[in-house]
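Residue-level listing of the chains:
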Amino acid sequence: MNEKTTDIYDLTIIGGGSAGLVLAVAGAKLGKKTALVEKHRIGGDCLWTGCVPSKALLKAAKVANYIRNAEKYGITTTETKPQWQKVIEYVRSTQHMIEQEHDNPERFREMGVDVIFGDGHFESRDTFVVEDSENEQTRTIKSKKYVISTGSRPLAPPIPGLESCDYLDSENVWELEELPQRLLVIGAGPIGIELGQAFHRLGAEVTIAQRSGRILTKEEVDVSEKMLNYLISDGIDIRLNTNITKIEKHKNGFSVILSGLQTPPTSELEFQSSANQNNQEQVYDKILIAAGRAPNVEGLELEKIGVKVKKKGIVVNGQLQTHVKNIYAAGDVIGHYLFTHVAAFQAQLLVRNFLLPFSKKINYSVVPWTTFCDPEVARCGLTEAEAREKYGDVDVFTLDQADVDRAVADGETHGFSKIIASKWRGKILGVHLVGVNAGEVIHEYVLAMQEGIPLRKLSGMIHVYPTYSTSVWRVAAKWLSEGTLVQILRKLIGSG
């Protein structure tokens, strides 16, 4: 790369994931000279190693599970074993389709975005140098504003022997050409639970090891317990309060020492999933790490120009601005909420602030998310404990999924809805859903929370019957019969 060029831009985005693509489109459409620098492939983790491939894999696993349980619906099948190679071909075909339709570099270039592939680093606060791999030249970029959206990567825990075992993570698992027969998943967060259940349903013997006393630790406690029950019933071996103390190569795979039950179990179910596991040796074909993520900041030389970085990511203020006034950051690299939709939300805020006066601060008070296991787990807002700590007494309304007629008709009655609301007005403070299509149903609650719509108004809205969304109407109706304000009014009227 001998040739050197210098280019001047209004906006330069470093990283072509969710946040970067939103910003690139906005910059081009608003007539700003915009550059998008990407190290590898447009689309980021979501397209290549996260949302898209995992959801395609989960769909294949769910189809396999339906076939396995077809007799429940009165259908007799000759069950066939899932073919991993065809499953992974389906996964890759979905990625290819989305890449061609939405994340094709040429699409952005046609909009006017200068898409540059290659490694780069900051020379100064207004200068970024890229080794352009497509054109084999060194490009010096001068830009009025920079947005760093380089994402995150899987983090490997410090386990003796891990580095020598050719382990899988959420990035390289999609390169598997054969289904492992015995799979150990380390970590029971969303990634570990989603992939663990998918591999189990596709035919692998799956063990999920978790250091803490429950799975999905960012969820409501009863959500975690319910999902633990479902997964154990499904046949997945889940080890709570378990440390992996040693891994070494074995003639038939990898020998793993599981050291369990570090703390007393808090429930019978936790005891069942943790007992008799002290210093237990197991052999697995593959080990999948799903134990956290780290920000991608290496090589950018941020400290040299005054951009502060902590363990979780780049430090930004409420406007997503770093300590250098012309440099901003968004997405996983700032470590707040590691979700594609939050990265896009952050990018939208930056677009607004770049265009309009009076900068607006990011508001994380209404952030929904979903774990796409089966049944799905969706959340927005506070847990019951958080709500009571912040507001004192609150109303809690629950609805079993078996009380939703569509769920009964579909044979999908696993799950429940739990809504936390203010005592008097019925303002929604927290939503916790477990059930089929929970990730779709939650958006009615999200809109209500965003716009301050109380439960009483949701109860007066017509819902199509039979749908899973009638669960919202059913829960909202509980406010009219069980809510604190209504109960007090009934007593007053009754005493009159």
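Everything in this summary refers to the structure shown in the same document. (Residues numbered from 1 in each chain as written. Predicted model: local features only at pLDDT ≥ 70, side-chain atom pairs only at ≥ 80, totals over all residues. Heavy atoms only, no water.)

## Brief notes about the sheet that holds strand S10 (residues 242-250)
Sheets are built from strands that pair by backbone hydrogen bonding, the pairs being arranged parallel or antiparallel. Heads up, the rule is: In this scheme, strands are said to pair when DSSP sees at least two bridges between them. Counting from the N terminus, the helices are the DSSP runs of H or I reaching at least four residues and the strands are the DSSP runs of E reaching at least two. In this analysis an axis means a line fitted to C-alpha atoms, helices contributing only their contacting stretch, and an angle means the value between N-to-C directions, from 0 to 180 degrees.
With antiparallel pairing, three strands are arranged side by side in an open sheet as S10-S11-S12. With one partner strand each, in any of the chains shown, S10 and strand S12 (280-284) form the two edges of the open sheet. Looking at each pair of strands side by side, their axes are set apart by 25 degrees on average, direction ignored.

## A few points about helix H10 (residues 340-355)
Short version of the rule: Multiplying 1.5 Å by the helix residue count minus one yields the expected span of that helix. Exposure is judged per residue with a 1.4 Å probe applied to protein chains only, and the accessible area is read against the type maximum: over 50% gives exposed, under 20% gives buried, and values in between give partly exposed.
Relative to the 22 Å expected for 16 residues at 1.5 Å per residue, H10 spans 23 Å between its end C-alpha atoms, a close match to the ideal helical length. Along H10, the residues that are buried comprise Val-342, Ala-343, Ala-344, Gln-346, Ala-347, Leu-349, Leu-350, Val-351 and Asn-353.

## A look at the environment of Arg-201
Note the cut-off: In what follows, residue pairs with any heavy atoms lying within 4.5 Å of each other are defined as contacts.
One can find Arg-201 in helix H6 (residues 190-201). When its relative accessible area of 6% is taken as the criterion, Arg-201 is described as buried. Sequence-distant contacts of Arg-201, that is, excluding residues within four places in its chain, are made with Ala-61, Lys-62, Ala-64, Asn-65, Arg-68, Pro-82, Asp-234 and Asp-374.

## Remarks on helix H13 (residues 438-451)
We count it as follows: A residue's bend is the angle separating two fitted axes: one through the seven residues that end there, the other through the seven that start there.
Spanning 14 residues, H13 covers 20 Å between terminal C-alpha atoms, matching the ideal 20 Å at 1.5 Å per step. Where H13 bends most, the angle comes to about 25 degrees, and this point is Glu-444. Considered for burial, the residues of H13 that qualify are Ala-438, Gly-439, Val-441, Ile-442, Glu-444, Tyr-445, Val-446, Ala-448 and Met-449. Those residues of H13 that are buried lie in contact with strand S18 (368-371), strand S19 (376-381), strand S21 (416-422), strand S22 (428-435), helix H14 (455-459) and helix H15 (470-482).

## Some points on the sheet that holds strand S7 (residues 182-186)
Across the sheet, four strands lie side by side as S9-S8-S7-S13; this open sheet has parallel pairing. The open sheet terminates on both sides in strands that have one partner only, identified here as strand S9 (237-239) and strand S13 (286-289). Recorded for the sheet is a direction-independent mean angle of 20 degrees between the axes of neighbouring strands. The sheet contact formed by strand S8 (residues 205-209) and S9 spans three bridges and is parallel. Its bridge partner lying in S9, Thr-207 is registered against Asp-237. Sheet strands in contact with H6 are S7, S8 and S13, and its direction is about 165 degrees off that of S8.

## A short note on the pattern of salt bridges
Selection criterion: Each salt bridge in this description consists of a side-chain nitrogen of Lys or Arg and a carboxyl oxygen of Asp or Glu lying within 4 Å of one another.
As enumerated under the stated definition, the model contains 27 salt bridges in all. Of the charged contacts, one joins Asp-119 and Lys-39 as a salt bridge, the two residues approaching to 3.7 Å between their closest N and O atoms. Of this pair, Asp-119 sits in strand S3 (residues 114-124) while Lys-39 sits in the loop between strand S2 (34-38) and helix H2 (44-48), and the two are 80 residues apart along the sequence. Since its relative accessible area comes to 45%, Asp-119 is described here as partly exposed. Where Asp-45 meets Arg-293, a salt bridge forms, and the shortest distance between an N and an O atom there is 2.9 Å. Of the two residues, Asp-45 is situated in helix H2 and Arg-293 in strand S14 (residues 293-295); the sequence distance between them amounts to 248 residues. Residue classification places Asp-45 among the partly exposed residues on the basis of a relative accessible area of 25%. Of the residues examined, Arg-293 reaches a relative accessible area of 24% and is grouped as partly exposed. Shared partners join several salt bridges into a network, and the residues in it are Glu-220, Asp-222, Glu-384, Arg-388 and Lys-418.

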